[in-house]
Amino acid sequence: MSDNPSLIFDLAEFRQQLKTARLGHPTEYFPRVKSTSDRVLEMARRGAPEGTLVVAEEQTAGRGRQGAVWHSPPGCGIWASVLLRPRNVPIDQMPPLSMCAAYAVTKAIEEVAEVSSKIKWPNDVLVNNRKVAGFMIETKTVPGVTDEGPCVILGMGINVNQKADEFPPELQNTAGSLLSITGKSVSRPLLLQRILEHFEPIYETFVNSGFESILGEIKSRLAWRGHLVELSDGDYSVQGHVLDIENDGSLVLDTIEEGWVVMYTGSLRFLR
Amino acid sequence: MGIEEILKLIETVQETDIQELEVSHGDWKFRIARMLPVPVQAIPASVGTAPPIAPQAPAVPAAGEVTEPAATHPYIEVVSPMVGTFYRSPEPGSDVFVNENDKVVPGQTLCIIEAMKLMNPIQSEIKGRVVEILVENAQPVEYGQPLILLEPV
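The rules we used
Residues numbered from 1 in each chain as written. Chains lettered and ligands numbered in written order. Predicted model: local features only at pLDDT ≥ 70, side-chain atom pairs only at ≥ 80, totals over all residues. Heavy atoms only, no water. Buried < 20%, exposed > 50% of the residue type's maximum accessible area, 1.4 Å probe, protein only. Helix = DSSP H or I, 4+ residues; strand = E, 2+ residues; numbered from the N terminus. Pairing = 2+ DSSP bridges. Phe/Tyr/Trp six-rings, centres within 6.5 Å; stacked < 30°, edge-to-face > 60°. Lys NZ or Arg CZ within 6 Å of the ring centre and 35° of its normal. Arc of directions from axis to C-beta. Contact = heavy atoms within 4.5 Å. Core = buried A, V, L, I, M, F, W, Y, C linked by side-chain atoms within 4.5 Å. Salt bridge = Lys/Arg side-chain N within 4 Å of Asp/Glu carboxyl O.

## Brief notes about the pairing of strand β4 (residues 76-79) of chain B
All names here are of chain B.
No. 1: Of the two faces of β4, both are covered, the one formed by Ile76 and Val78 as well as the one formed by Glu77 and Val79.
No. 2: Examined bridge by bridge, β4 and strand β11 (residues 146-152) share 4 bridges and lie antiparallel to one another. Each bridged residue has a counterpart across the sheet, and for Glu77 the counterpart in β11 is Leu149.

This is the structure we're talking about:
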């Protein structure tokens, strides 16, 4: 998978090209970590500034939601976490930040890989209905450091240059990489650079003007709108058609049994 | 303190992020509190009406995670700061953050509320004992819903 030396993440190129004011400054690179988000948290505890980025060639325990493991092998993906300190954003308005990150990734993918991509609520990125990117956001309070608001650690996993047969069997039908879908490999430093450059102004808008200011753009990229999906969350599951996203980021489904429902958590599965 | 001064205070509070203000002045004592809308989780709206909109709220605590309950018991209620799903452990199968009767210290994580894949740990603000865990693991919770009862020590 990583035997081609050209696949090693070129940190020098990344640092040289990155045109952001804060995101990615500083950037730390590790060949192998358990979790980039854990690394960022350690740095936050030592007073790292907003924008601090950790990139890893390989994550041995990359985390998804509630213990789900993000398959993050070496040489072919972007496994990274960035430290944010959104000031004056009440905690109950924080959740749609993940959608903002997904939006930035769709813009960067369209530009760099020249393929259209969609946002699967709440925070996955799909290309050709396959998941190529996902996020996990954790808020942390760090005594003495977060008096002005919590640290928010945004972890991202982006499948870039895996071949189709390199995904574990259980992901074969739902996951994909930019290479496996488009047939073209993509420069990971360039893609990460463009993601951060797109995300920085989106994040600033989110913090200063609220999620509503970005909602229109996000809705226009919402996957499976009008389609029948199943939303499941623990023991609960419901089927319905994807209608809309509300101002607070919640998803509106038109269900058969319960009419219109507004959802704040759960994962979607495409039905038809 | 005159009514004009109170009205001016209310205006001032409205222009800030202050959620709640308690003022004592001579024999006067009053409280100004914001009422925020409570979002809903999986509440069906009747088919064919406008999209579901958060109903007007009862007076729930706005930003804080801890509130003095109205009841007479001496316990502190830890309430949910947002709509989401309540988790007692960092991942399925792992140890829970706290059990009933556990002692807790300020800053200790009690549970996680997840919304839209954002994991928000809820930490104890006091030194105390867990009296009761009021919500089942992996259940949806409302904004302001009591999650855990703590007894201050």
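## Things to note about the packing of aromatic side chains
The geometry of an aromatic ring pair is captured by two quantities: the separation of the ring centres and the angle between the planes.
Residue and element names in this part refer to chain A.
No. 1: Counted according to the given criterion, the structure contains 4 aromatic pairs over all chains.
No. 2: A centroid spacing of 6.1 Å and a plane angle of 15° characterise the contact between Phe9 and Tyr29, whose relative ring orientation is stacked. Of this pair, Phe9 sits in the segment before α1 (11-17) while Tyr29 sits in strand β1 (residues 27-33), placing them 20 residues apart in sequence.
No. 3: The exposure class of Tyr29 is partly exposed, given its relative accessible area of 22%.
No. 4: Through a chain of ring-to-ring contacts, the aromatic side chains of Phe9, Phe14 and Tyr29 assemble into a single cluster.
No. 5: In this structure, Arg39 is placed above the aromatic ring of Phe30, and the distance from its NZ or CZ to the ring centre is 4.1 Å.

## Side note on helix α6 (residues 212-220) of chain A
Residues and elements named next belong to chain A.
No. 1: The complete set of buried residues in α6 reads Ile214, Leu215 and Ile218. Each buried residue of α6 sits inside an arc of 120° when the element is viewed along its axis, so together they form one side.
No. 2: Elements that come into contact with the buried residues of α6 comprise α3 (97-112), β4 (118-120), α5 (188-209) and β9 (236-245).

## Focus: the nonpolar core
Residues and elements named next belong to chain A.
No. 1: Judged by nonpolar contacts, the single largest core of 93 residues is most densely connected at Ile109, Trp121, Leu191 and Phe199.
No. 2: In this view, Ile109 contacts Glu114, Val115, Ser117, Val125, Val127, Val132, Leu178 and Leu191; residues no more than four positions away in its chain are not counted.
No. 3: Among the nonpolar cores identified, the runner-up in size contains 12 residues, and Phe30, Met43, Ala44 and Leu83 belong to it.

## A look at unusual backbone geometry
One can expect most non-glycine residues to show negative phi and most peptide bonds to be in trans.
All names here are of chain A.
No. 1: In this structure, Pro26 follows His25 across a cis peptide bond, with omega equal to 5°.
No. 2: Note on placement: Pro26 falls in the loop between α1 and β1.
No. 3: The residue after Trp121, namely Pro122, is reached through a cis peptide bond having omega 0°.
No. 4: Of note in this structure, Asn128 is not a glycine but carries a positive phi near 50°.
No. 5: Locating Asn128 in the fold gives a position in the loop between β5 (124-127) and β6 (130-140).
No. 6: Residue class for Asn128 comes out exposed when judged on its relative accessible area of 58%.

## Topic: the pattern of salt bridges
If charged atoms from side chains of opposite charge come close, those side chains can pair.
Residues and elements named next belong to chain A.
No. 1: With the rule as written, the count across this model stands at 15 salt bridges over all chains.
No. 2: Where Arg225 meets Asp244, a salt bridge forms, and the shortest distance between an N and an O atom there is 3.1 Å. Taken together, the residues Arg225 in the loop between α6 and β8 (228-233) and Asp244 in strand β9 connect sequence positions 19 residues apart.
No. 3: A salt bridge links Arg269 to Glu230; the shortest N-O distance between them is 3.2 Å. In this pair, Arg269 sits in strand β12 (residues 267-270) while Glu230 sits in strand β8, placing the two residues 39 residues apart along the sequence.
No. 4: Judged by its relative accessible area of 46%, Arg269 is partly exposed.
No. 5: On the accessibility criterion, Glu230 (17% relative accessible area) is buried.
No. 6: Here the residues in one salt-bridge network are Arg22, Glu50 and Glu204, joined through shared partners.

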